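# Structural overview for review
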Amino acid sequence: MSNVIFSEKDAYKFLKVEEYFGKYKDWKKLGAVQSHSFDATSKTLTLTFSNSDGKPCSMLIQFPQKDTFRLRFNPGKTAQEYAQGTSPSIMLKTFQDLTRLLDRNEHFHMDVKDSSNSIELVTKAGDGDNKPEMKVVVNHQPFSITVYMFAPHEEYIVWQTADTPIYYTPNGDNDYAIIQAVRKPANAKYVGFGEQGGQSLSKNTAQINYFNFDNMRYRQVYDRGPLDPREPLYHSEPFFYEFHGVPEHDSVNGVFIDNTGQVLVDIGYINSSRYMIGTRFGDLDFYFFIGHDPANILDSYTEIVGRPRLKPRYCLGYHQGCYGYERQDIVEWAVRKHREYQIPLDGLHVDVDIQKNYQTFTIDTNKFPDPYGMFHSLKEQGVKCSTNITPVISRLDPNYSTYAEAKEKGYFVVDRRYDPGNPDSKVYQLYGSGNQFSPNNGYVEGFNSGEPYIGGVYYGNDSYGNELGASGHYADLGREEVREWWGTQYKYLYSMGLEMVWQDMTTPAIRDYRGDMKGFPFRLLVTDDSLSGSAPKLTPAIKVWNLYSYNLHKATYQGLNRLHELNDPKYPNLSERRNKRNFIIGRGSFSGVHRYAGLWNGDNSSDWDFLKMNVSQVLSLGLCGLAINGQDIGGFEASAVDEGKWASPELLIRWTGAGAFLPWFRNHYVRKGRKEFQEPFMYVEWFNQYKGGKLPEPQNLYRMVLPICKHYIELRYRLMQLFYDAMFENSLSGLPISRPLFINDPGDQSLYNDKEGFLDNEFFVGKDLLIAPVLDPQEPQGLQQNHGNRDVYVPYGSDWYCFMNNTMPLGAAVEGGTTIRDFDASLNLEGNHINFIVPMYVRAGAIIPTIELEQYVGQLNKEGKPNPITLNVYPGETGKYTMFLDDGVSRSSAPKMPADSGWDEEANDEYRRTEITHSYTATKTREIKVDRIHDGYTPKLETYFFVAVLHDPSETQGSSCCLKSVKIAGQTIPQVQGSDNLNASSSNAWYYNQNINISFVKVFDNSPNITITAEYF
């Protein structure tokens, strides 16, 4: 019986997760530690083993932070053979630079204790108290690793390798597949994992496959749709958390697998007592983090992989995209209709329709005759545009400048194959509808020719059945000079007025018969720069499968930042890009791309399953540091169930309602004979135009689409400051904009037990606004007869108020830990019910900023008008909020960091950070403080702000309201009658609105420290 696990053929093909782990017990097993050494300077433990051939091999355990270690293992390497450089995911280029920076931020030291059969390493804070943080014990015979945390008077195990810690097996030429097996506590919950399928935020028994794949409708490999977490998707982010593994202690840990090849994970599916992480190629290289709550882990992780650069404020607005806005007049129509219906809109995304014969970086002036005028006219209306940029460079026209230049300079990926004489090299692999097949029947154009590799894109057929797309070549983005060249190619589009980039087909996604798994041929040799400091080398594409898309986003980001430096006389207006934040919304990459781009989650469809998993998918990516991410609202493709010509009205309403509180908020769909429309206003207008006004049944749902969607889009804009503050905070701490319940309330143990299900369909914006969207149709479907109602759980430890949108008085507070049964979120427009179609709750004591409604971000200021902030202070004993003000577009606004930190070199502290707090200084005296902590920016038009004091219905009413008096800086300010008088007041004043039971205070922002004192009856 052969002991070969993966044949030569298997080594160079995509594997399902169950295929990878299927025979893992027959793999080689790592034996006892033969010798060890510890280098105190680099904080590196070297363990020496004998591999299955009897040759020495080494494992390195390195400590970059007091709460983090990095483990590296390859059965074919000794200690000296591990590279000093880091992967592209890591913030700095060498591990030494990274550890030096981290140590400067927070110094720590280590105690090491050797014994006959083990070595014990303890990290301790370097702040003088010598407090132990983490203990790692390596046992030599049998080999094991155990990690401890510390509590007062005790230490406890938080992570421990399984009885057999390491499995490995040869996998192709001089390479190994490697598995790390870890004991899985029975109580533990596992979250994170990036852009994976499945409705549940917790992946407690999941199998996961990290392999970037153009997976239309998330169903190509297994044909079960988006709720199957095994499907490989567009983006790979192999980072996850373990919660509740030690129920009696506040303990969380995290693991990041730093490998750009295929990575596979089994979270106790095969065996409930252990989880396994596996790599197909290269080193097993992972970082392990400990902490007391998830925020600790995310902070430590983003210290390693970096934090997002500050993105322009407009990226948080509402966006519209369509594959099928084929002409300039259609693009202008889309913007005009949004403005006519007064639906706020900040972004318009034009697909490859704009290109001349599918030539990337071009514009077809037959279909878009005045691109400069179009882009600038739309920008004047507040709408910023992107076009779809794919990595393919069409080869069909020798006069196409990007093609000609790249060919002349030798910048394309060349068709050279690993083992070209092997017949398997010409047989490509693909999955579709759950079946594996070869799409090319052994025919390959240009095979191993030494000429540019021939790929291409296929965009489906138009409404007449004509194929859309072109064949072409690919920039060799593993080379730095090619990345620099790629970045210059945007000069024409940006000189025309483009404002952002939509990075698509990033894998790169290639016509199915021209490569493996709709990507590069697996044996095609590509430039591998996956280790900085090492010379790039040629590697079979499958071994660094997830690297190309990362380099694509990096090249675009760095190029956009340098456009103003080109000094090209043909494009003099590029100088306007100086100091401007650039925004990229990309489809699929690898960990670390959040430093450069936001992520949209690929080609979904108008099916309820996609909405059901939308929340957990966004939260999972946020837990990996990727704050700007989201699905196409309404679904890109037609439904997989009925191929409908538009998303169902109920689905679009629910998706827009949920999407209004998720970071990336874009309605995006395909026309091309597949769909007719998806814009909210078209659910009546299209039928008026084409069907004589006859609406399908149920007609009331079609009529409700516009008002309900518009309401929640408008609410998004009124809450824009809340979203922006969360995005700014994300760039400082890594905390996401939209947060799982346990991020803000880690002490609520029920979230890991009987209330775990609410993690899938509730979340926070920031730290105090709880959103509980309805993710199921309200009409009876089997046992799910919700009729638009849903249960809402409010976390233990705080009281909660139902969000009334300042249109009604607050109701009584709800005790934390309560499940509100059958909250009525049904679809109807009676009275004020529109405010409750998305259930929302606010933490007692919260401070929630709102602004005036705008049709686009910054509209009022552009018109020379102020848009003052209202600080909504909810009833509660205490509260705190941090607010960030800047111009929303400049790179210099960002906090300044040391030059060697990997941060934006243009950052210059040009922002204002304000801390708003409130507390009771006496039983009937409440003090609200507004303090500028950093004051590098002054708003040009907003010379005042408002404080809205929301009153609990139980508060004592005096002669006219709940407040007896209001003072600012110790001076009593006058009470005026009516909002008009308050708005017109030229000095500090306040008024009470009895209809909504809120006291409004107008405060002139003329001091860095303002204290407002409210006396209650």
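Worth saying up front: this structure is predicted, and the values here are computed from it rather than measured.

A few words now on the overall build of the chain. From N to C terminus, the chain includes 18 helices and 53 strands. On C-alpha atoms alone, the chain measures out to a radius of gyration of 29 Å, which is about the 31 Å that the 2.2 N^0.38 rule sets for 1017 residues. Expressed as lengths along the three principal axes of its C-alpha atoms, the size of the chain is roughly 90 × 75 × 65 Å. Buried positions account for 65% of the 1017 residues belonging to the chain. Within the chain, contacts between residues at least 6 apart in sequence are counted, and of these 69% link residues at least 24 apart. Of the accessible surface of the chain, which amounts to about 35300 Å², a share of 46% is contributed by carbon and sulfur atoms. Side chains of the chain give 101 positive and 124 negative charges; the mean places of these two sets differ by 2 Å.

This part is about the environment of F803. Tracing the backbone through its elements, the reader meets F803 in the loop between β39 (799-802) and β40 (814-815). Apart from residues lying up to four places away in sequence, F803 is in contact with L715, L769, F836, M840, Y841, V842 and Y874.

On inspection of all chains with the given rule, the structure shows 77 aromatic pairs. Aromatic pair F239 and Y301: ring centres 3.7 Å apart, planes at 5 degrees, arrangement stacked. With F239 in strand β14 (residues 239-243) and Y301 in helix α4 (residues 294-305), this pair connects stretches of sequence that are 62 residues apart. Exposure class is identical for F239 and Y301. Each is buried. The lysine or arginine in question, R230, covers the ring of Y222, its NZ or CZ lying 3.8 Å from the ring centre. Stacked on the ring of F723, the Lys or Arg R716 has its end atom at 4.1 Å from the ring centre.

Contact geometry for helix α5 (residues 328-340) and helix α6 (residues 371-380): axes closest at 11 Å, N-to-C directions at 5 degrees. By the angle between their axes, α5 is roughly parallel relative to α6. In this structure, α5 uses Q328, V331, E332 and V335 to contact α6, whose residues at the interface are P371, M374 and L378.

Quick look at the sheet that holds strand β52 (residues 998-1004) now. In spatial order, the strands read β43-β44-β48-β52-β51; together these 5 strands make up an open sheet with mixed pairing. Looking along the sheet, the strands with just one partner apiece sit at the ends: β43 (847-850) and β51 (989-993). Mean inter-strand twist for the sheet, computed between neighbouring axes without regard to direction, equals 20 degrees.

With that out of the way, let us pick up the pattern of salt bridges. Enumeration over the complete set of coordinates arrives at 60 salt bridges. Between D283 and K77 there is a salt bridge, with the nearest N and O atoms lying 3.1 Å from each other. With a gap of 206 residues between them, D283 in the loop between β17 (274-279) and β18 (284-291) and K77 in the loop between β5 (68-73) and α3 (95-105) connect regions that are remote in the sequence. Ionic pairing is found between R327 and D329, a salt bridge with its closest N-O pair at 2.9 Å. One salt-bridge network, held together by shared partners, links D214, D504, R587 and D603.

In the numbering adopted here, UniProt assigns the feature "domain: Glycoside hydrolase family 31 TIM barrel" (unreviewed entry) to residues 308-725. Strand forms 16% of residues 308-725 and helix 30%; the C-alpha atoms that close the span are 14 Å apart.

With that settled, consider helix α15 (residues 720-733). Since the α-helix packs 3.6 residues into each turn, any two residues three or four apart lie on the same face. Compared with the 20 Å implied by 1.5 Å per residue over 14 residues, the 20 Å span of α15 between its first and last C-alpha is a close match. Here α15 lies mainly inside the structure; 12 of its 14 residues are buried. Along α15, the residues that are buried comprise M720, Q721, L722, F723, Y724, D725, A726, M727, F728, N730, S731 and S733. As for α15, its buried residues are in contact with α4, α14 (699-718), β36 (763-765), β37 (769-771), β43 and β45 (878-885). Directly after α15, the chain includes G734, whose backbone phi takes a positive value near 85 degrees.

What counts, and at which threshold
Residues numbered from 1 in each chain as written. Predicted model: local features only at pLDDT ≥ 70, side-chain atom pairs only at ≥ 80, totals over all residues. Heavy atoms only, no water. Helix = DSSP H or I, 4+ residues; strand = E, 2+ residues; numbered from the N terminus. Rg over C-alpha atoms; globule rule 2.2 N^0.38 Å. Buried < 20%, exposed > 50% of the residue type's maximum accessible area, 1.4 Å probe, protein only. Contact = heavy atoms within 4.5 Å. Areas by Shrake-Rupley, 256 points an atom, 1.4 Å probe, with all protein chains shown as cover. Lys, Arg positive; Asp, Glu negative; His and termini not counted. Charge placed at Lys NZ, Arg CZ, Asp CG, Glu CD. Phe/Tyr/Trp six-rings, centres within 6.5 Å; stacked < 30°, edge-to-face > 60°. Lys NZ or Arg CZ within 6 Å of the ring centre and 35° of its normal. Axes fitted to C-alpha atoms, helices over the stretch in contact; angles between N-to-C directions. Parallel < 35°, antiparallel > 145°, perpendicular 65-115°, else oblique. Pairing = 2+ DSSP bridges. Salt bridge = Lys/Arg side-chain N within 4 Å of Asp/Glu carboxyl O. UniProt positions renumbered as here; feature names shortened; annotations may be inferred. Expected span 1.5 Å × (residues − 1).

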